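If you want the building blocks of each chain, they are given just below.
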Amino acid sequence: MSVFLGEILAHPALAAADPVVHPLGVVADAQPVRWVHSSEVLDIAPLLRGGELLLCGGITLATAAPAKREEYVRELAQRGVAALAIETGGALPEIPADMLAKAEEYGLPVVELRKVVPFVGVMQAINSMLVSESVGHLQQADAATRAMAAELAHGASLDKILGVLAGITGSAVKLSSPWGVTMGSAVPEGWSSAQEGTEVESAAGERPADDGGPGRGRHGGFYGVAGGTVISVDIPVRGVLMGRVEVRVPDAADTALAQVAGERAVDILGLALLQHTPPGLHALAGAELMRAVLNSAPEWRLEQLAPGAGFPTDSPAVVAAIHAASPQELRGAVENFLSSHRIPCAAYLDDAELVVMIGLPCTDPAGERRKLLQSLQGLEGDHDAVIAVGPLADGAAEAAWSLAEARRALEVRQIRRRNASARRRHPSHGLVVVDAEDSAVESLSLTCLDASAREAFVNRQLRAVLEHDAQRQSQLLETLQVWLDSGCNTAQSARELHLERQSMHHRLQRIFELCGGDPRGTGRLAALHLAARMAGLP
């Protein structure tokens, strides 16, 4: 079974801290925990995967501004953290009321640790328990995978193969095509009527027959579950999305086991789909083209593969590099959007990176690219992702270059976020669309200048500003960057930096003194802008 927050708080290692869960009424026994982590860093959310119990000593929270505490809570909640445990007393006598209110608003349980306990000991004790639990899940999931492989080897139907997964997880299972058509389904043996919600018919439109053997599920149909959790796992075949398995886990079943078993079953279900419904030639051609793009194949090879995937050799295109929390889910949203607008595309999931090649019309391709960027910003759904759209490629031969520029734009974005002040650092969650053309200067610097040459140029132009920032903890370099990027618009820069206009003028005056005067109207303006864009690059 899964390990829940209530069980962890009752463990002697944490019970000694006299924990209290806020807000009152939170059912700790219903909150599964995947791991226990400890950190005082308030920008920790991007490094978490979700499901963690995060331990915090309260030292940094004690001196943080209310807005920063709110951002901390919001980011943890958006990341799917199971709970935040804060030690009170000493530096932080009590958890601020405004922080608890925001945590309740965002649905993040907060555990107050009213006595001091060694966090290292807590993590060692509880994570050891969680590891043992995970090993058990893997063993059960592997047993299910072997049984599914045996069924496949004997030519079993998709329903019967899914019945094994249903039986091991105690959950209803359905396999659908990327377009939502049910291809197979199963419910576990002994599935009671109380667990059955609204029936969803199988591909054959029939109710399930109870003909599963011991340890098998009933198959041939699919039932919804009143309550419980829904786990969805995509099934790619040769780089082509061919199906999606949905596991509906009732409240009494083990959600963690269902998650592990569903993920481990991907390869077997992919083979089953390949046997029953092999992908079409167009889809295979698109996958082969994207593999060639990813491997920076010779231009002649890209031109050879493009027509079969629906891309005329000389038609304009862009390639997008996408990093997402749920890349397959976002892949479906992107492909559905593009197909609904009759825009040719080919997608490929390479580890955690989703790469999409998008065709554009020959008439006004630059204008169509701008429209594409705007449309992606409004993509339907709650997606936690960054989409970097590469520059316009004149044809398939330049697709690998467009992808390289898109990836470099992601790298530059990370550098900018790391160097930005906390007030300007944008939230790390939600859908963000990045235009690779906005980082063309950084891309040129990274590809054509070595690190020592970049550093020497930046120092020649901005040494006094950099020294001022280092000695006084000021933010003159960031101010200069924002002002130059805005086209020297002081009012706009002040708004972006959250400064009063008078404060902005004072900063600019100090920058001009350090840089030898106001650069506007001189040839030094371009050099300063180039140096400011290059500052911070590795």
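Refer to the preceding data block for the structure.
Since the model is a prediction, treat every value here as computed from it, not as a measurement. Along each chain, residue indices are assigned from 1 in the same order as the chain's sequence is written. For this predicted model, a pLDDT threshold of at least 70 governs which residues receive local features, and a threshold of 80 or more governs which side-chain atom pairs are given and counted, while totals over whole chains, interfaces and linings are taken from all residues. Just so you know, side-chain values use all the structure's heavy atoms and leave hydrogens and water out.

A. How the structure looks around the nonpolar core. Judged by nonpolar contacts, the single largest core of 31 residues is most densely connected at Met148, Val245 and Leu269. Secondary structure follows DSSP: runs of H or I at least 4 residues long count as helices, runs of E at least 2 residues long count as strands, and numbering of each begins at the N terminus. Secondary-structure elements contributing two or more residues to this core are helix 6 (119-153), helix 7 (158-169), strand 6 (172-176), strand 11 (229-237), strand 12 (240-249), helix 8 (255-264) and helix 9 (266-276). Among the elements that line this core, the one with the most residues is helix 7, at six residues. Discounting residues that sit within four places of it in the chain, Met148 has contacts with Ile161, Val164, Leu165, Ala265, Ile268 and Leu269. We call a set of buried Ala, Val, Leu, Ile, Met, Phe, Trp, Tyr and Cys residues a nonpolar core when their side-chain atoms join them within 4.5 Å. Relative accessibility decides the category of a residue: with a 1.4 Å probe and only protein chains considered, values under 20% of the type maximum give buried, values over 50% give exposed, and everything between is partly exposed. One finds Val293, Ala297, Leu305 and Val386 within the second-largest nonpolar core, a separate group that totals 30 residues. We call two residues in contact when some of their heavy atoms are within 4.5 Å.

B. Region of interest: the packing of helix 15 (residues 440-448) against helix 20 (residues 524-534). Remark: helix 15 packs on helix 20, axes separated minimally by 9 Å, with the N-to-C direction vectors making an angle of 75°. Our classification of the angle between helix 15 and helix 20 gives roughly perpendicular. Contacts between helix 15 and helix 20 involve Val441, Glu442 and Ser445 from the first element and Leu530, Arg533 and Met534 from the second. Per-class residue counts for the contact of helix 15 with helix 20 are three nonpolar, one polar and two charged. Think of each axis as a best-fit line through the C-alpha atoms, taken over the contacting stretch in the case of a helix, with angles from 0 to 180 degrees between the N-to-C directions. Orientation categories follow fixed angle ranges, with anything under 35 degrees roughly parallel, anything over 145 roughly antiparallel, 65 to 115 roughly perpendicular, and all other angles oblique. All amino acids are sorted into three groups, where Ala, Val, Leu, Ile, Met, Phe, Trp, Tyr, Cys and Pro are nonpolar, Asp, Glu, Lys and Arg are charged, and the leftover types, Gly among them, are polar.

C. Local environment of a nonpolar patch on the surface. Together, Trp35, Val131 and Val135 make up a nonpolar patch on the protein surface, roughly 230 Å² of accessible area in all. Positionally, Val131 belongs in helix 6. By definition, no residue in a patch forms a salt bridge, and every one has over 30% relative accessible area; like charges are joined within 9 Å, nonpolar side chains (Val, Leu, Ile, Met, Phe, Trp, Tyr) within 5 Å. Only the protein chains shown count as cover for residues, and the accessible areas themselves come from Shrake-Rupley with a 1.4 Å probe. Salt-bridge detection follows one rule: a side-chain nitrogen of Lys or Arg within 4 Å of a carboxyl oxygen of Asp or Glu.

D. Here's a closer look at the environment of Leu508. Mapped onto the fold, Leu508 is located in helix 19 (residues 501-515). Leu508 sits in the buried class, given a relative accessible area of 5%. Excluding its chain neighbours within four sequence positions, the residues that come into contact with Leu508 are Trp483 and Thr490.

E. Spotlight on a negative patch on the surface. Lys and Arg are tallied as positive, Asp and Glu as negative. Neither His nor the chain termini are counted. The atom standing in for a charge is NZ when the residue is Lys, CZ when it is Arg, CG when it is Asp and CD when it is Glu. A surface patch of like charges, here negative, comprises Glu299, Glu303, Asp314, Asp394 and Glu398. The residue Glu303 is located in helix 11 (residues 299-305) in this model.

F. Structural detail: the sheet that holds strand 15 (residues 353-359). The criterion for strand pairing is that DSSP finds at least two bridges linking the strands in question. Across the sheet, which stays open at both edges, the five strands sit in the order 14-15-13-16-17 with mixed pairing between neighbours. Of all strands in the sheet, those bounded by a partner on one side alone are strand 14 (345-350) and strand 17 (431-435). Within the sheet, the average angular offset between the axes of one strand and its neighbour, ignoring direction, is 20°. Here five bridges tie strand 13 (residues 317-324) to strand 16 (residues 385-389), and the two strands are oriented antiparallel to one another. Following the sheet pairing, Ala324 is matched in strand 16 by Ala385. Running over the sheet, helix 12 (residues 327-340) touches strand 13, strand 14, strand 15 and strand 16 and is turned about 175° from strand 14. Packing against the sheet, helix 14 (residues 399-419) makes contact with strand 13, strand 14, strand 15, strand 16 and strand 17, and its axis sits at approximately 40° to strand 13.

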